[in-house]
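# Architecture and fold: a report
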Amino acid sequence: MIGGIVMVLTAIWVYQSLMKAKKSNVLMWVAALSILFFVIEFVSQIFCIEIIDALGGKDIGDTYDRDLASVSDRRTQENPGGFFVNSLCELFPSIAGVLVVALIRTQFILKEALTPANLFGGIKEMFESIKNSFKTSGN
């Protein structure tokens, strides 16, 4: 759920950044970066599943086959790592996706230097435009 919301906000952020910079193929870039975000989030989820299973003492061998849908025995509060691992595995995939999209957006699309201001530039304006979109005119 968190990843979906972050993905939509990231797509809006990329769209607004590219429109402001007057780049061509805006929708192609937004679609490509949204797919990349999803792939990074998927790979990060697999990584987190492996961490949780390893900390929980599961035998991760050749015969161990766990799919992404089986979450019945992943109680991370009771396992080593507790709250930290649970929080990490909830937030890490979304954060990793945003960072990868920010890097590609800054380096390859906007062709700017890799500084924190350039990486995350436009996020404040995005939230302001979302806030302003809910305002109605006083006719």
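Quick look at the structure, then. (Residues numbered from 1 in each chain as written. Predicted model: local features only at pLDDT ≥ 70, side-chain atom pairs only at ≥ 80, totals over all residues. Heavy atoms only, no water.)

What follows deals with the overall build of the chain. The number of helices and strands found in the chain is five helices and zero strands. Overall, the chain shows an N-to-C arrangement of helices and strands of α-α-α-α-α. A burial count over the chain gives 26% of its 139 residues as buried. Of the contacts formed within the chain by residues at least 6 apart in sequence, a portion of 61% connects residues at least 24 apart. (Helix = DSSP H or I, 4+ residues; strand = E, 2+ residues; numbered from the N terminus. Buried < 20%, exposed > 50% of the residue type's maximum accessible area, 1.4 Å probe, protein only. Contact = heavy atoms within 4.5 Å.)

With that out of the way, let us pick up the nonpolar core. Soluble globular proteins: nonpolar side chains tend toward being buried together. Counting residues in hydrophobic clusters, the biggest one holds 15 residues, and the most contacted among them are Trp13, Val14, Leu18, Val30, Leu33, Val101 and Ile109. In this structure, valine 14 is in contact with Val30, Leu33, Val101 and Arg105, ignoring residues within four places of it in sequence. (Core = buried A, V, L, I, M, F, W, Y, C linked by side-chain atoms within 4.5 Å.)

It is worth spelling out helix 2 (residues 26-55) at this point. Across its 30 residues, helix 2 extends 43 Å between first and last C-alpha, which sits within 8% of the 44 Å expected from 1.5 Å per residue. When helix 2 is considered as a whole, its buried residues turn out to be Val26, Val30, Leu33, Ser34, Phe37, Glu41, Ser44, Cys48, Ile49, Ile52 and Asp53. (Expected span 1.5 Å × (residues − 1).)

Here we come to the environment of alanine 21. Within the fold, alanine 21 resides in the loop between helix 1 (2-20) and helix 2. Here alanine 21 falls in the partly exposed class, since its relative accessible area comes to 35%. Taking the C-alpha atoms as reference, alanine 21 lies 9.6 Å from isoleucine 109; in sequence the two are 88 residues apart.

What follows concerns the environment of leucine 18. Considering the arrangement of structural elements, one finds leucine 18 in helix 1. Separated by 87 residues in sequence, leucine 18 and arginine 105 place their C-alpha atoms 8.8 Å apart.

Glancing now at the side chain of threonine 10. Positionally, threonine 10 belongs in helix 1. A distance of 2.7 Å separates a polar side-chain atom of threonine 10 from the backbone oxygen of valine 6. Each residue touching threonine 10, except ones within four places of it in the same chain, is listed here: Phe37, Val98 and Val101. (Polar contact = N/O pair within 3.5 Å; in protein donor to acceptor, adjacent residues only side chain to side chain.)

Considering only enclosed or pocket space, the largest pocket measures out at about 280 Å³ in volume. Lining the largest pocket are 14 residues, and of these Ser17, Lys20, Arg105, Gly121 and Gly122 sit closest to its centre. It is helix 1 that contributes the most residues to the lining of the largest pocket, four residues altogether. In the lining of the largest pocket, the residues fall into four nonpolar, six polar and four charged. (1 Å grid on protein atoms, 1.4 Å probe; cavity = no way out; pocket = protein on both sides within 12 Å on 5 of 7 lines; lining within 4 Å. Points joined across faces, edges and corners; volume = space filled by probe spheres on them. Nonpolar A, V, L, I, M, F, W, Y, C, P; charged D, E, K, R; others polar.)

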